[in-house]
Amino acid sequence: MEIVAMQHCPLSLMGVFRPRNDRSVDTLKWTASVAQIIGYTATGMGWLPWNIGFFLVGLLGWLMVGVFWRDKALILVHLVALVAMVGGVLTR
């Protein structure tokens, strides 16, 4: 996957990159979606702590998609979910 630095974006200062083609983003979206679906299934089946791992993969994947697309709503939702999940794990 060839990547280029994002121009005129504050996140580029933190080393965030975007893929050059939409196929990479599609692959990331599907991988993150499957990870989250497995996370939901793992939660329903009581497969702890595997569910947290799958949810983290899905959350981070969709957070990256939000950054690649510069979609503030996707970034916000997944950042809040990530903070809530990490906070919950650290308080147990």
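Here goes a summary of the coordinates provided. Since this is a predicted model, take the numbers as computed values, not measurements. (Residues numbered from 1 in each chain as written. Predicted model: local features only at pLDDT ≥ 70, side-chain atom pairs only at ≥ 80, totals over all residues. Heavy atoms only, no water.)

## Some words on the overall build of the protein
Phase 1: Each helix and strand in the protein was counted, giving 3 helices and 2 strands.
Phase 2: Starting at the N terminus, the α and β elements of the protein follow one another as β-β-α-α-α.
Phase 3: Buried residues in the protein amount to 32% of all 92 residues.
Phase 4: In the protein, the proportion of contacts linking residues at least 24 apart, taken out of those at least 6 apart, comes to 39%.
Phase 5: Carbon together with sulfur atoms contributes 69% to the accessible area of the protein, which is approximately 6,500 Å² in total. (Helix = DSSP H or I, 4+ residues; strand = E, 2+ residues; numbered from the N terminus. Buried < 20%, exposed > 50% of the residue type's maximum accessible area, 1.4 Å probe, protein only. Contact = heavy atoms within 4.5 Å. Areas by Shrake-Rupley, 256 points an atom, 1.4 Å probe, with all protein chains shown as cover.)

## Quick notes on the nonpolar core
Phase 1: One finds V25, L28, A32, W62, V65, F68 and L74 forming the largest nonpolar core, which totals 7 residues.
Phase 2: For this core, the secondary structure elements donating two or more residues are α1 (22-45) and α2 (50-69).
Phase 3: If near-sequence neighbours (up to four positions away) are discounted, W62 is found in contact with K29, A32, S33, Q36, L74 and H78. (Core = buried A, V, L, I, M, F, W, Y, C linked by side-chain atoms within 4.5 Å.)

## Quick notes on α2
Phase 1: The terminal C-alpha atoms of α2 lie 29 Å apart, and with 20 residues this matches the ideal 28 Å at 1.5 Å per residue to within 8%.
Phase 2: Among the residues making up α2, those that are buried are N51, F55, G58, L59, G61, W62, L63, V65, G66, V67 and F68.
Phase 3: Following α2 by one or two positions, R70 adopts a phi angle in the positive range, close to 60°. (Expected span 1.5 Å × (residues − 1).)

## Quick look at the packing of aromatic side chains
Phase 1: Using the criterion set out here, one finds 1 aromatic pair in the structure.
Phase 2: Centroid distance Y40 to F55: 4.9 Å. Interplanar angle 75°. Geometry classified as edge-to-face. In this pair, Y40 sits in helix α1 while F55 sits in helix α2, placing the two residues 15 residues apart along the sequence.
Phase 3: We classify Y40 as exposed; its relative accessible area is 54%. (Phe/Tyr/Trp six-rings, centres within 6.5 Å; stacked < 30°, edge-to-face > 60°.)

## Some details on the packing of α1 against α2
Phase 1: Where α1 contacts α2, the axes come no closer than 7 Å and their chain directions differ by 150°. Between α1 and α2, the angle falls in the class roughly antiparallel. Crossing of α1 against α2: the hand is left-handed. Only N51, F54, F55, V57, G58, L59, G61, W62, M64, V65, F68 and W69 of α2 make contact with α1, whose side of the interface consists of V25, L28, K29, A32, S33, A35, Q36, I38, G39, Y40, A42 and T43.
Phase 2: Among the residues making up the contact of α1 with α2, the classes are represented as 16 nonpolar, 7 polar and 1 charged. (Axes fitted to C-alpha atoms, helices over the stretch in contact; angles between N-to-C directions. Parallel < 35°, antiparallel > 145°, perpendicular 65-115°, else oblique. Left-handed = near helix turned anticlockwise from the far one by under 90°. Nonpolar A, V, L, I, M, F, W, Y, C, P; charged D, E, K, R; others polar.)

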